[in-house]
Amino acid sequence: MASPPGSPNQLQGASRTSGGISRGRAIGNVFNYGDLKDSLPLMLGPVKGKIYLFISKADPATINPSRTSPSMTFKQIVSASLTSILTKMVQSYSPIKTSNHCIFVYEEGLWVIKGRFESAIKENDDVEWTINGTEYSLHILLSSFEPMDTTGIEHHASSSVSVSRFSTPASGHQTPISEATSTVSGAASSIPSARLELMTKLGISEHLANRSGFSLPLAYQKYLGYLKAVKTLESMVAAGTWSGNRPTGTDVIEIFVSRSMWFDSYRPTFSKVHTYPTMVAWLEDEADAPGNLEAWGVERAKYTFKDLAEFLKNGGRLNEEEDKGKSKEKKNKDKGQRANIEAKGEVKSSSAEKKSKRKAKKAS
């Protein structure tokens, strides 16, 4: 709209420069107190919500927050940061950290594992609060449940716990997938049929799903297997050839190892090892793979994730002084044992000599 002839001012979209009656207070331009209710929490500052903490050693699949009394409750400023929430909870109840139990958050009818305390703090996942009117609530489970299916892996982080995944039948009762699906016979008898079907679709070898043994090269094969499986999944989804529901990242991870083990040890180390070609060759464990001393710089009877983390932290080497200290300690221990044996021998010899003299004296 153009300005009236002879107008000294540019209208900037207004119909006139004088004689207006709205004066900037047209509908929508000024706050209406009748709209206060919907935005009240935002206008009054941070909103407080209630956290319901459940502490249990039972299978998470059997814990229904709506039918189970919480162990305790907390009032806290609503935050989407799990790190922020746990850090503040620890100030009131330190066993959340010191117990080293697994943290679960109840989301969309499922207990979703976040790992053990240190892992959950590090990952800092977003959480969704339940809103009922003007009340915010969050359900957290501190679980010491140890399933029979463990990795048996010796490493520096906390022992692993499998994620409890649920299916919801028509009755509404929640059942873990591992129970809802039958297992198949043969070499893969310990693998649930639903997981085995997923492995078949993604072309994952059954030996990579075996958790009965451990070595770093085998763990590295599992890591590479996961990366390849995710790439295959993305390609199939993009091409429209994937049938059925798309699996989550956790579904794919748990084919190989538990989620907590993945985030505690696998991803932090194997994602960084590519900058050390000799170590990569050692992990790939081919026929021409380098020896332990060439790859690690230190000869040890076995190597764990703790060693690999130390190797990466030190820029591609292990702490030789630590090995020397252990060797010296062992030598001193052996020396002490030999001294004890010799001392015992001398005592026996002295005792035998005394007996011989007494016999000789009696004979005379």
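It should be emphasised that the depicted structure is a prediction, and the values quoted were computed from it without experimental measurement.

Okay, the overall build of the protein next. When you go through the protein residue by residue, the secondary structure sums to 13 helices and 8 strands. Burial statistics for the protein: of 364 residues in total, 34% are counted as buried. Taking the contacts inside the protein whose residues are at least 6 apart along the sequence as the reference set, 56% of them involve residues at least 24 apart. Of the roughly 22800 Å² that the protein leaves accessible, carbon and sulfur atoms contribute 51%.

The subject of this paragraph is the pattern of salt bridges. Per the stated rule, a full pass over the model turns up 6 salt bridges. The closest approach of N and O atoms between Arg-267 and Glu-123, which form a salt bridge, is 3.0 Å. Here Arg-267, found in helix H9 (residues 259-270), pairs with Glu-123, found in helix H4 (residues 117-123); they are 144 residues apart in sequence, far enough to count as distant. If you follow the salt bridges from partner to partner, you end up with Glu-107, Lys-114, Asp-125 and Arg-259 in one network.

Here we come to the pairing of strand S3 (residues 102-107). A large share of S3 lies buried, amounting to 6 of its 6 residues. Where burial is concerned, the two faces of S3 agree: the one with Cys-102, Phe-104 and Tyr-106 and the one with Ile-103, Val-105 and Glu-107 are both buried. The sheet contact formed by S3 and strand S4 (residues 110-116) spans 6 bridges and is antiparallel. Bridging across to S4, Ile-103 finds its partner in Gly-115. Hairpin geometry of S3 and S4 is characterised by an intervening segment of 2 residues between the two adjacent antiparallel strands and by a positive phi of about 50° at Glu-108. Pairing geometry for S3 and strand S6 (residues 135-143), over 4 bridges, is antiparallel. Opposite Phe-104, over in S6, you have Leu-141 as the bridge partner.

With that out of the way, let us pick up unusual backbone geometry. A negative phi angle is the norm for most residues apart from glycine, just as the trans form is the norm for most peptide bonds. Located in the positive-phi region is Asn-124, a residue other than glycine, with phi close to 50°. Tracing the chain through its elements places Asn-124 in the loop between H4 and strand S5 (130-132). Assessed through its relative accessible area of 35%, Asn-124 is described here as partly exposed. A positive phi angle, close to 55°, is found at Asp-285, a residue other than glycine. You can see Asp-285 is positioned in the loop between helix H10 (277-284) and helix H11 (292-296). Using a relative accessible area of 49% as the deciding quantity, one classes Asp-285 as partly exposed.

Turning our eyes to something else, we now look at the nonpolar core. Counting residues in hydrophobic clusters, the biggest one holds 40 residues, and the most contacted among them are Leu-216, Tyr-266, Phe-270, Met-279, Trp-296 and Leu-308. For this core, the secondary structure elements donating two or more residues are helix H6 (193-202), helix H7 (216-239), helix H8 (249-256), H9, H10, H11 and helix H12 (305-313). Among the elements that take part in this core, H7 stands out by supplying 7 residues, more than any other. Not counting residues up to four positions away in its chain, the partners in contact with Leu-216 are Phe-270, Trp-282, Leu-283, Trp-296, Tyr-303, Thr-304, Phe-305 and Leu-308. Leu-53, Ile-85, Met-89 and Val-105 belong to the second-largest nonpolar core, a separate cluster that totals 18 residues.

All right, on to H7 then. Taking 1.5 Å per residue, 24 residues should reach 34 Å; H7 reaches 35 Å between its end C-alpha atoms and fits that length. All of the buried residues along H7 are Leu-216, Pro-217, Ala-219, Tyr-220, Lys-222, Tyr-223, Gly-225, Tyr-226, Ala-229 and Leu-233. Considering only its buried residues, H7 is in contact with H6, H8, H9, H10, H11 and H12. Near the N-terminus of H7, the side chain that reaches the backbone nitrogen of Leu-218, with its oxygen 3.2 Å away, is that of Ser-215. Just downstream of H7 lies Gly-240, where phi reads positive at about 80°.

How each quantity is defined
- Residues numbered from 1 in each chain as written.
- Predicted model: local features only at pLDDT ≥ 70, side-chain atom pairs only at ≥ 80, totals over all residues.
- Heavy atoms only, no water.
- Helix = DSSP H or I, 4+ residues; strand = E, 2+ residues; numbered from the N terminus.
- Buried < 20%, exposed > 50% of the residue type's maximum accessible area, 1.4 Å probe, protein only.
- Contact = heavy atoms within 4.5 Å.
- Areas by Shrake-Rupley, 256 points an atom, 1.4 Å probe, with all protein chains shown as cover.
- Salt bridge = Lys/Arg side-chain N within 4 Å of Asp/Glu carboxyl O.
- Pairing = 2+ DSSP bridges.
- Core = buried A, V, L, I, M, F, W, Y, C linked by side-chain atoms within 4.5 Å.
- Expected span 1.5 Å × (residues − 1).
- Polar contact = N/O pair within 3.5 Å; in protein donor to acceptor, adjacent residues only side chain to side chain.

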